[in-house]
Amino acid sequence: MAYWLLKSEPEVYSILDLKREGRAIWDGVRNYQARNYLMHMQLGDLCFFYHSNANPPGIAGLCRVVGTLVPDPTQFDPSSPYFDPRATRENPRWYTVEVEFLEAWPLIPLEELKACFPPDHPLVKRGNRLSVMPVPPEVAERLIARKGCR
């Protein structure tokens, strides 16, 4: 099993939205590196749900991958801000995953996460904007066991 971090602005889609829906497609990712990470996810992988652009930002819960290599439906929708005119149903350009809600946590703020992650990890490195990234197993296990790094 691998571990991942999925970032979303809570005003757009929060851990509580996922809790209410139960399952969701992680759509709208338009960064090739993030898309490639999504394409490497496997059934059962665990994802930390990170609230970005929040005050404070941090990990708000946990979800699990329940569907892989899902063509992102927003790429085909001309009314979507994520529409890609070069994508076709026969040849999708953007893939994603479906996740299911597991737990909402008391927020683990970014400042506390800096004690968990190496200083060069993309999550805590200043200026990183990648919305999907791997989490090292040793860090994931600490987060899950203690839901924090104090």
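Attention here is on the structure that accompanies the text. (Residues numbered from 1 in each chain as written. Predicted model: local features only at pLDDT ≥ 70, side-chain atom pairs only at ≥ 80, totals over all residues. Heavy atoms only, no water.)

### Things to note about the environment of P92
Formally: Strands here are runs of E lasting at least two residues and helices are runs of H or I lasting at least four, both read from the DSSP assignment and numbered beginning at the N terminus. Whether two residues are in contact is decided by their heavy atoms: any pair within 4.5 Å suffices.
Position of P92 relative to the elements: it lies in the loop between β4 (58-71) and β5 (95-109). For the pair P92 and P57, spaced 35 residues apart in sequence, the C-alpha separation works out to 32 Å. Once residues within four sequence positions are removed from consideration, P92 is found in contact with P71, Q75 and F76.

### Focus on the layout of surface pockets
Definition in use: Residues are said to line a cavity or pocket when one of their atoms sits within 4 Å of a point; the points come from a 1 Å grid over protein atoms alone, cavities being sets where a 1.4 Å probe fits but cannot get out and pockets being open sets with protein on both sides within 12 Å along at least five of seven lines. Grid points are joined across faces, edges and corners, and a volume is the space filled by probe spheres set on the points. Classification convention: Asp, Glu, Lys, Arg as charged; Ala, Val, Leu, Ile, Met, Phe, Trp, Tyr, Cys, Pro as nonpolar; all other residues, Gly among them, as polar.
By volume, the largest pocket is sized at about 1,000 Å³. If you trace the largest pocket, you find 31 residues lining it, with K7, S8, E9, S52 and S131 closest to the centre. For the lining of the largest pocket, the secondary-structure elements that each account for two or more residues are β1 (3-8) and β2 (23-25). Counted by class, the lining of the largest pocket contains 14 nonpolar, nine polar and eight charged residues.

### As for the sheet that holds strand β6 (residues 132-134)
Rules: If DSSP finds at least two bridges between two strands, the strands pair. To obtain an axis, a line is fitted to C-alpha atoms, over the contacting stretch when the element is a helix, and the angle between two such axes runs from 0 to 180 degrees between their N-to-C directions.
One open sheet accounts for six strands, arranged β2-β5-β4-β3-β1-β6; its pairing is mixed. Looking at strand neighbours, the two that pair on one side only are β2 and β6, the edges of this open sheet. Within this sheet the neighbouring strands show an average axis-to-axis angle of 35°, counted without direction. Examined bridge by bridge, β4 and β5 share ten bridges and lie antiparallel to one another. Within β5, the residue paired with G67 across the bridge is E98.

### A word on the side chain of D84
Just so we agree on the cut-off: For every residue, the accessible area (1.4 Å probe, protein chains only) is compared with the maximum for its type, and the residue is labelled buried under 20%, exposed over 50%, or partly exposed between those bounds. Under this definition, polar contacts are N or O atom pairs within 3.5 Å; protein pairs additionally need one hydrogen-donor-capable and one acceptor-capable atom, and for neighbouring residues in sequence, both atoms have to be side-chain atoms.
Relative to the helices and strands, D84 is located in the loop between β4 and β5. Its relative accessible area of 5% is what places D84 among the buried residues. There is a polar contact of 2.9 Å between the side chain of D84 and the backbone nitrogen of R86. Within the structure, D84 has its side chain in polar contact with the side chain of R93 (distance 2.8 Å).

### Considerations on the pattern of salt bridges
Oppositely charged side chains are able to pair whenever their charged atoms sit close together. What counts is decided by this rule: Within this document, salt bridges are pairs made up of a side-chain nitrogen of Lys or Arg and a carboxyl oxygen of Asp or Glu, the two lying within 4 Å of each other.
Under the defined criterion, the tally for this structure stands at eight salt bridges. Between R30 and D72 there is a salt bridge, and its shortest N-O distance comes to 3.1 Å. One end of the pair, R30, is in the loop between β2 and α2 (32-40); the other, D72, is in the loop between β4 and β5, and 42 residues separate them in sequence. Under the relative-accessibility criterion, R30 is labelled partly exposed at 27%. Residue D72 is classed as buried on the basis of its relative accessible area of 2%. For D84, the salt bridge identified is with R86, shortest N-O distance 3.6 Å. Classification of R86 as exposed rests on a relative accessible area of 59%. Three or more residues joined by partner-sharing salt bridges are found here, namely D17, R20 and E21.

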